[in-house]
Amino acid sequence: MGAVSALAAVGVMLTAQPALASGLLQRRTQDPERLAPFGLMLDASAPEGAGLSLSFRPTRMVRLHVGGTHNGVRPGARLGLTLLPWKGSLTPALTLEAGHARPANGEGLERRIVDRTQMPIHSFERVGYSYASALLGFEWQAPRRLTFFVRGGVSIMRLYSPGIEGVDEQFREALEPADFHGWSFIDIQPTAKLGILLSFG
């Protein structure tokens, strides 16, 4: 009798577990307070230019993002962290970001000089930069998992140019004399950002 009771208890547990898991999943899906953890973020700002990032929100107060940028001259990469201290559809946000964009190399410049069908060489192509930004702003969670945000703050930038000593002599006439020597300096400037986030998952 004891063995039969034990087997019956095990059977009840085995059949109850899928039902319990299904119930938890259903409650989680229907929970109006639940936040979608993943997102696709599109924004425009300075100094990054246009940006497209993937985001991940491990907790209600923290969102991480990583993606690419383009400032009209060359692509770059960035990563960031946003802190969201309040609940609700409108909340303040603190964002910390870091990014980098490499300068064009000597081989790319030579191709531009030889191929006259391409756009003229832009002096900013030889300038790379790294930056770290701190921004304060607001986020508004609209229906359909859309979030709009606006932020402002400061960026510390390191701009640099490696020089063009490696460019062949025959191409140097198309370049400015000041471009032959490398340089670097640090600048602090205001920054602003606006964008939209589509959450899913």
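Residues numbered from 1 in each chain as written. Predicted model: local features only at pLDDT ≥ 70, side-chain atom pairs only at ≥ 80, totals over all residues. Heavy atoms only, no water.

Chemist: Looking at this structure, how should I read the pattern of salt bridges?
Modeler: Taken as a whole, this structure holds 7 salt bridges when the rule is applied. One salt bridge connects E97 with K193, and the closest N-O pair in it is separated by 3.3 Å. With E97 in strand β5 (residues 90-101) and K193 in strand β8 (residues 183-200), this pair connects stretches of sequence that are 96 residues apart. Taken as a pair, E97 and K193 share a single burial class, namely buried. Each of D43, E48, R78, E97 and K193 takes part in one network of salt bridges that share partners. (Salt bridge = Lys/Arg side-chain N within 4 Å of Asp/Glu carboxyl O. Helix = DSSP H or I, 4+ residues; strand = E, 2+ residues; numbered from the N terminus. Buried < 20%, exposed > 50% of the residue type's maximum accessible area, 1.4 Å probe, protein only.)

Chemist: Can you walk me through the sheet that holds strand β2 (residues 49-59) in this structure?
Modeler: Remark on secondary structure: sheet strands pair via backbone hydrogen bonds, oriented parallel or antiparallel. Read around the barrel, 8 strands follow the order β1-β2-β3-β4-β5-β6-β7-β8 and close on themselves; strand pairing throughout is antiparallel. In this sheet, adjacent strand axes meet at a mean angle of 25 degrees when their direction is disregarded. (Pairing = 2+ DSSP bridges. Axes fitted to C-alpha atoms, helices over the stretch in contact; angles between N-to-C directions.)

Chemist: I would appreciate a short explanation of the environment of M61 in the present structure.
Modeler: Its place among the elements puts M61 in the loop between β2 and β3 (62-70). Accessibility expressed as a relative area gives 48% for M61, which makes it partly exposed. M61 has contacts with T82, L83, L84 and P85, leaving out every residue within four places of it along the chain. (Contact = heavy atoms within 4.5 Å.)

Chemist: What exactly am I supposed to notice about unusual backbone geometry here?
Modeler: Glycine aside, the phi torsion of most residues is negative, and most peptide linkages are trans. One non-glycine residue with positive phi stands out, namely R144, at about 60 degrees. Residue position: R144 is located in the loop between β6 (128-142) and β7 (146-161). For R144, a relative accessible area of 78% gives the class exposed. If you check the backbone angles, R145 has positive phi at about 60 degrees while not being a glycine. Residue placement: R145 occurs in the loop between β6 and β7.

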